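# Observations on the model geometry
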Amino acid sequence: QVQLVESGGGLVQAGGSLRLSCAASGNIFSTNAMGWYRQAPGKQRELVAIMTSGTTNYADSVKGRFTVSRDNAKNTVYLQMNSLRPEDTAIYYCNIKAIRSGSYLYEDFWGQGTQVTVSS
């Protein structure tokens, strides 16, 4: 099985920073994309950033403030969040679209989510 384990959420004041981590484990043959989503109460889940082999795209609301990076040796992807705002408050989810070893289909895999709360 493929598992994504997230960490790094918490409570931070507006203007502060947090770094979320997403550690992937399992037999992954190929990854098409890896990204971050978030969901605030009463709202639909929205894309924060998505990383492909060629580029990383960010939602307009986080451009210039959030940065995705990866550590291939640790099979971990990060979301560095700076200049946080109260409207960034949400549960953040790591997501990959990948093919398992021995499989032929792309599948979505999700982390358990980590809460980010930004106080004003």
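Check the entry above for the structure.
In this report, we go over the structure that sits alongside the text. (Residues numbered from 1 in each chain as written. Predicted model: local features only at pLDDT ≥ 70, side-chain atom pairs only at ≥ 80, totals over all residues. Heavy atoms only, no water.)

What follows concerns the nonpolar core. Generally speaking, soluble globular proteins have nonpolar side chains that are buried together. The biggest cluster of nonpolar side chains holds 29 residues, and the ones touching the most others in it are Trp 36, Val 48, Phe 66, Leu 79, Met 81 and Tyr 92. Those elements giving two or more residues to this core turn out to be β3 (18-25), β4 (28-39), β5 (46-51), β7 (66-71), β8 (76-81), β9 (90-100) and β11 (114-119). Element by element, the count of residues in this core is highest for β9, at 5 residues. Among residues more than four places away in sequence, those in contact with Val 48 are Trp 36, Tyr 37, Arg 38, Asn 57, Tyr 58, Ala 59, Val 62, Phe 66, Leu 79 and Tyr 92. (Core = buried A, V, L, I, M, F, W, Y, C linked by side-chain atoms within 4.5 Å. Buried < 20%, exposed > 50% of the residue type's maximum accessible area, 1.4 Å probe, protein only. Helix = DSSP H or I, 4+ residues; strand = E, 2+ residues; numbered from the N terminus. Contact = heavy atoms within 4.5 Å.)

Looking now at the pattern of salt bridges. Under the criterion given, the structure shown has 6 salt bridges. For Glu 46, the salt bridge goes to Arg 38, with nearest N and O atoms at 2.7 Å. According to the relative accessible area criterion, Glu 46 is partly exposed, its value standing at 36%. In this structure, the salt-bridge partner of Arg 100 is Glu 107, at a minimum N-O distance of 3.4 Å. A relative accessible area of 33% means that Arg 100 is categorised as partly exposed. One continuous salt-bridge network, built from bridges that share partners, spans Arg 38, Glu 46, Arg 65 and Asp 88. (Salt bridge = Lys/Arg side-chain N within 4 Å of Asp/Glu carboxyl O.)

A separate point is the side chain of Arg 38. Tracing the backbone shows Arg 38 in strand β4. Of note is the side chain of Arg 38, whose polar atom sits 2.7 Å from the side chain of Glu 46. Reaching out from Arg 38, the side chain makes a polar contact with the side chain of Asp 88 at a distance of 2.9 Å. With sequence-adjacent residues up to four places away left out, Arg 38 is seen in contact with Gln 44, Arg 45, Glu 46, Val 48, Ser 61, Val 62, Phe 66, Glu 87, Asp 88, Ala 90, Ile 91 and Tyr 92. (Polar contact = N/O pair within 3.5 Å; in protein donor to acceptor, adjacent residues only side chain to side chain.)

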